[in-house]
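Commentary on secondary and tertiary structure
So the chains spell out like this:
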Amino acid sequence: MREFAYLRASSVAEAVAMMAATPPDGGPARYLAGGTNLVDLMREEVERPGRVVDISRLPLSAVEDLPGGGLRLGALAGNTKVAADPRVRRRYPVLARAILAGASPQLRNRATVGGNLLQRTRCRYFYDTAAACNKRVPGAGCDALEGFNRAHAVLGASPSCVAVHPSDMCVALAALDATVNLTGPRGARSVPFTGFHVLPGRTPQVETVLRDGELVTSVDLPPAPPGRGAYAKVRDRAGFAFALVSTAALLHVEDGRIVFARVALGGVAHKPWRAHAAEDLLTGAVPDASAFARAAGVALAEARPLRHNAVKPVLAARLLRRTLAELARPS
């Protein structure tokens, strides 16, 4: 691991100021929270920061009720804490299930809400410093395009990058229409969760809409959605494995018709993939196998498989159909 400057912030304002200072020689500045991703990347010399700003002791770990029935998740709230919170389990079970589907108990104890949003891809070529990777070294090329790309993107990819976002939690947050709150040198702002991550285009090294020095301070959940929600994941082994495909779905049925639907997919794109067209098709439909098949077809209509991952659109469509059918059954 390369030498770097370590600073510990005692307030949000101080953390932002530390990040905004003139970058040190030898690399950029990075925030450090739980460290479950950044420290790994530093050990592999994928990330080479010149300065690390430790924010782990900032007062950002609360889970708080919002006026109107929503919930605010502090950026430093631990994943285990959020998943176990009675309000999350009762009002947003899709989020609790998504968190519990990720990583291991030990990692969930260290990982944070903000860190989950900002974790980097698990593409093997991104981690291999001998491989060409535009995300790691802009302009270097993308070895995953013609390499072993079974785990890579089938939606929203580009010739520059076919990596996928690895988070389970973020798929649920996309389905729940969460909002991300940020603070930076230019003040505070909020962005819709579905607009927080960006597709690769020609700049895959740009993964979010964060401006220089900005810090994620919290994530707001709107009032609990009607109906039922579920998170489902297909992976190579039962535990501690990233999703080949996953889905977070919300469904509410009244008088034999779907009146509310939300669908997000994971493991298929550079960001959690919100399937708006599938939601539009489901709303007003009779909740039957035919409607679910049409919705799955629409959700994956733009899929462009690579050489080794043609199974992904098939898996994702089947998983979505099954999840919607389960949500439509009388409780």
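Because the structure is a prediction, the values reported are computed rather than measured.

**Comments concerning the side chain of glutamate 47**
- Considering the arrangement of structural elements, one finds glutamate 47 in the loop between α2 (38–43) and β3 (51–54).
- For glutamate 47, the side chain forms a polar contact with the side chain of arginine 120, separated by 2.8 Å.
- Contact partners of glutamate 47, with chain neighbours within four places excluded, come to Arg30, Leu38, Leu41, Met42 and Arg120.

**What about the sheet that holds strand β1 (residues 5–8)?**
- If you walk across this open sheet you meet the three strands as β1-β3-β2, and the pairing is parallel. Edge strands, defined here as strands with exactly one partner in the open sheet, are β1 and β2 (29–32). For this sheet the average axis-to-axis angle between neighbouring strands, irrespective of direction, equals 25°.
- Bridge count between β1 and β3: four bridges; the pairing is parallel.

**A word on the packing of helix α11 (residues 289–299) against helix α12 (residues 311–328)**
- One can describe the packing of α11 onto α12 by two numbers: an axis separation of 9 Å at closest approach and a directional angle of 140°. In this view, α11 runs oblique relative to α12, as classed from their interaxial angle. For α11 against α12, the interelement crossing comes out right-handed. The residues of α12 that touch α11, namely those facing Phe292, Ala293, Ala295, Ala296 and Ala299, are Ala317, Leu320, Arg321, Leu324, Ala325 and Ala328.

**Some remarks on unusual backbone geometry**
- With phi around 60°, glutamate 45 is a residue other than glycine that occupies positive phi space.
- Here glutamate 45 lies in the loop between α2 and β3.
- If you check the backbone angles, aspartate 177 has positive phi at about 55° while not being a glycine.
- Along the polypeptide, aspartate 177 turns up in the loop between α9 (169–175) and β6 (179–184).

**Details of the state of the cysteines**
- Tallying each qualifying case throughout the model produces zero disulfides.
- Cysteine cysteine 133 shares no disulfide, and the gap to the nearest cysteine sulfur, in cysteine 123, comes to 6.0 Å.
- Taking relative accessible area as the criterion, cysteine 133 reaches 9% and is therefore assigned buried.
- Left unpaired, cysteine 170 is separated from the closest cysteine sulfur, that of cysteine 161, by 16 Å.
- Look at cysteine 170 and you get buried, because its relative accessible area is 0%.

**Digging into the pattern of salt bridges**
- Taken as a whole and assessed by the stated rule, the structure comprises 17 salt bridges.
- Notably, a salt bridge pairs glutamate 45 with arginine 48, separated by 3.6 Å at the nearest N-O pair.
- With a relative accessible area of 30%, glutamate 45 lands in the partly exposed category.
- Judged by its relative accessible area of 34%, arginine 48 falls in the partly exposed class.

**Points about the sheet that holds strand β12 (residues 273–274)**
- Taken in spatial order, the four strands line up as β9-β10-β11-β12 in an open sheet, and their pairing is antiparallel. The strands lining the two open edges of the sheet, one partner per strand, are β9 (228–234) and β12.
- As defined by bridge partners, strand β11 (residues 257–266) adjoins β12 across two bridges and the pair is classed as antiparallel. Counted as the bridge partner of alanine 264 is arginine 274 from β12.
- Relative to β9, helix α5 (residues 93–100) is tilted by about 20°, and along the sheet it contacts β9 and β10 (245–254).

**Section: the nonpolar core**
- Counting residues in hydrophobic clusters, the biggest one holds 39 residues, and the most contacted among them are Val82, Leu95, Leu117, Leu173 and Leu221.
- With seven residues, α9 is the largest single contributor of residues to this core.
- Apart from residues no more than four positions distant in its own chain, leucine 117 is found in contact with His165, Cys170, Leu173, Val180, Phe193, Phe196, His197, Val216 and Val219.
- Membership of the second largest hydrophobic core comes to 29 residues, among which are Val268, Ala278, Leu282 and Ala317.

**Let's talk about helix α1 (residues 12–20)**
- Here α1 has its buried residues at Val12, Ala15, Val16, Met18 and Met19. Considered in projection along α1, the buried side chains sweep an arc of 160° and stay on one side of the axis.
- Tucked inside the fold, the buried residues of α1 contact β1, β2, β3, β6 and β8 (215–221).

**Things to note about the pairing of β3**
- Burial along β3 is two-sided: Arg51 and Val53 and Val52 and Asp54, pointing in opposite directions, are all buried.
- The pairing of β2 with β3 spans four bridges and is parallel. Bridged to leucine 32 within β3 is aspartate 54.
- Regarding topology, α2 serves as the crossover connection from β2 to the parallel β3, and that connection is right-handed.

**Some thoughts on the side chain of asparagine 37**
- As for its placement among the helices and strands, asparagine 37 is situated in the loop between β2 and α2.
- Here the side chain of asparagine 37 touches tyrosine 127 through a polar contact of 3.4 Å, side chain to side chain.
- The contact partners of asparagine 37, leaving out residues within four places of it in the chain, are Gln119, Arg120, Arg122 and Tyr127.

Calculation notes
Residues numbered from 1 in each chain as written. Predicted model: local features only at pLDDT ≥ 70, side-chain atom pairs only at ≥ 80, totals over all residues. Heavy atoms only, no water. Helix = DSSP H or I, 4+ residues; strand = E, 2+ residues; numbered from the N terminus. Polar contact = N/O pair within 3.5 Å; in protein donor to acceptor, adjacent residues only side chain to side chain. Contact = heavy atoms within 4.5 Å. Pairing = 2+ DSSP bridges. Axes fitted to C-alpha atoms, helices over the stretch in contact; angles between N-to-C directions. Parallel < 35°, antiparallel > 145°, perpendicular 65-115°, else oblique. Left-handed = near helix turned anticlockwise from the far one by under 90°. Disulfide = S-S within 2.5 Å. Buried < 20%, exposed > 50% of the residue type's maximum accessible area, 1.4 Å probe, protein only. Salt bridge = Lys/Arg side-chain N within 4 Å of Asp/Glu carboxyl O. Core = buried A, V, L, I, M, F, W, Y, C linked by side-chain atoms within 4.5 Å. Arc of directions from axis to C-beta. Right-handed = clockwise from strand over helix to strand, strands pointing away.

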